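Breakdown of the fold
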Amino acid sequence: MTHLSERYARQARFHGIGADGQAELMTKRVLVVGLGALGAAVSDQLVRAGVGLVIVDRDYVEVTNLQRQTLYTEQDATAETPKAIAALERLRAINGDVEIDAHIADVSWDWLRPLPHVDLVLDATDNVETRLLLNDFALERGIPFLFASCVGAYGMNYTVLPGEAPCLRCLMRHLPLAGQTCATAGVVAPIVHHVASRQAVEALKYLTGRHEKLERRLLIEDLWENQSQRLDVERLVDAACPSCQQNEYPSLVSNRQQTALLCGRDVVQVRRSIEGLEPIANQLERADITMKKTPFTLEWRWRGHRMLLFKDGRVLVHGVNDPHVAVAMVDECLGA
Ligand SMILES: [Zn+2]
């Protein structure tokens, strides 16, 4: 075990963690939802720190990701490797001692419900629906949820602690989420790393049992405008909040929506029930459709649009933003 003690020597030397804190960290498992810029940065820090991870993402690596998504390479973008797979390979190369469980999936209540024990939930998503789902999931399980968000050079962090209000649902109407996304307003890498570092340090505090050190305020930072705020939000508890006041968790419902518009891209996700990629490949072959096969996806073109099918039955239809059009195209290729 000498190499382990060497690997974590500097971290265990830090007074806030110590040898006992390090031993604690190595027994923990954290769920990271989303492996874009934020998920990549925070996963990198936690895996290096010796924390086990469950990572999940629904998308694949593209060249526009490389400016800020630090786990990926040009090769991943060229191969259109699913982010969960590319991240897993890279994280295993960084630290082979920690357990990493990787999933290519669109996170839903159906996906979360059977998930084995995790100690903490980290938000690295890009949409409000999934954040509220994670908020409710964490509250229901009695574990903290680390909300984080960034766009432009602007970022926010807030830690939802079970039994201590407010939760993210309480704060939603107060948060300055103006509907901007990284695709419309852009984003620079430094704010992502800033926000990811705050998430990572809160994770380290919580996982080592240093709960008195947790930041309970809402943190807002604009690195370009040199502005930062730390807001006491205790008084923003919504007395009618179903999630933290009534244990009702409105987001924990089975709703496998048939379609979803992917954040800020002209891509519609259409869900189909399939029995693996092979039968679909045979079907497309019979229809004389040329396709590209990887172990995780099937890709083909239809009416000039790129279609990408994942094993779990999701088809990404590129270059459209109307769900009806996307569904019709999937029907044409795979049958209604
Ligand atoms: Zn609440």
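Quick note: structure is the one above.
Quick caveat: nothing in here was measured; it's all calculated off a predicted structure.

Along strand 2 (residues 52–57), six of the six residues are buried, which leaves the element largely enclosed by surrounding structure. Judged by which residues are buried, strand 2 turns out to be covered on both faces: Gly52, Val54 and Val56 on one side and Leu53, Ile55 and Asp57 on the other are all buried. Looking at chain direction, strand 1 (residues 29–33) and strand 2 are connected through five bridges and run parallel. Note on strand 2: the bridge partner recorded for Val33 is Val56. Since strand 1 and strand 2 lie parallel, the crossover through helix 4 (residues 37–49) that links them has a hand, and here it is right-handed. When strand 2 meets strand 3 (residues 100–104), the two strands line up parallel, connected through five bridges.

Take the pattern of salt bridges next. What the rule picks out here adds up to 22 salt bridges. For Arg58, the salt bridge is made with Asp106, and the minimal N-O distance between the two is 3.1 Å. With Arg58 in the loop between strand 2 and helix 5 (74–79) and Asp106 in the loop between strand 3 and helix 7 (109–112), the pair connects residues that are 48 residues apart, well separated along the chain. Arg58 gets classed as buried once you look at its relative accessible area, which sits at 18%. We classify Asp106 as buried; its relative accessible area is 16%. Here Glu221 makes a salt bridge to Arg198, at a shortest N to O gap of 3.2 Å. Taken together, the residues Glu221 in strand 7 (residues 218–222) and Arg198 in helix 11 (residues 189–207) connect sequence positions 23 residues apart. Grouping residues by exposure puts Glu221 and Arg198 together as buried. Each member of the salt-bridge network shares a partner with another, and the members are Glu80, Lys292, Glu299 and Arg306.

Thresholds, definitions, all that
- Residues numbered from 1 in each chain as written.
- Predicted model: local features only at pLDDT ≥ 70, side-chain atom pairs only at ≥ 80, totals over all residues.
- Heavy atoms only, no water.
- Buried < 20%, exposed > 50% of the residue type's maximum accessible area, 1.4 Å probe, protein only.
- Helix = DSSP H or I, 4+ residues; strand = E, 2+ residues; numbered from the N terminus.
- Pairing = 2+ DSSP bridges.
- Right-handed = clockwise from strand over helix to strand, strands pointing away.
- Salt bridge = Lys/Arg side-chain N within 4 Å of Asp/Glu carboxyl O.

On their own, these measurements won't tell you what the molecule is for.
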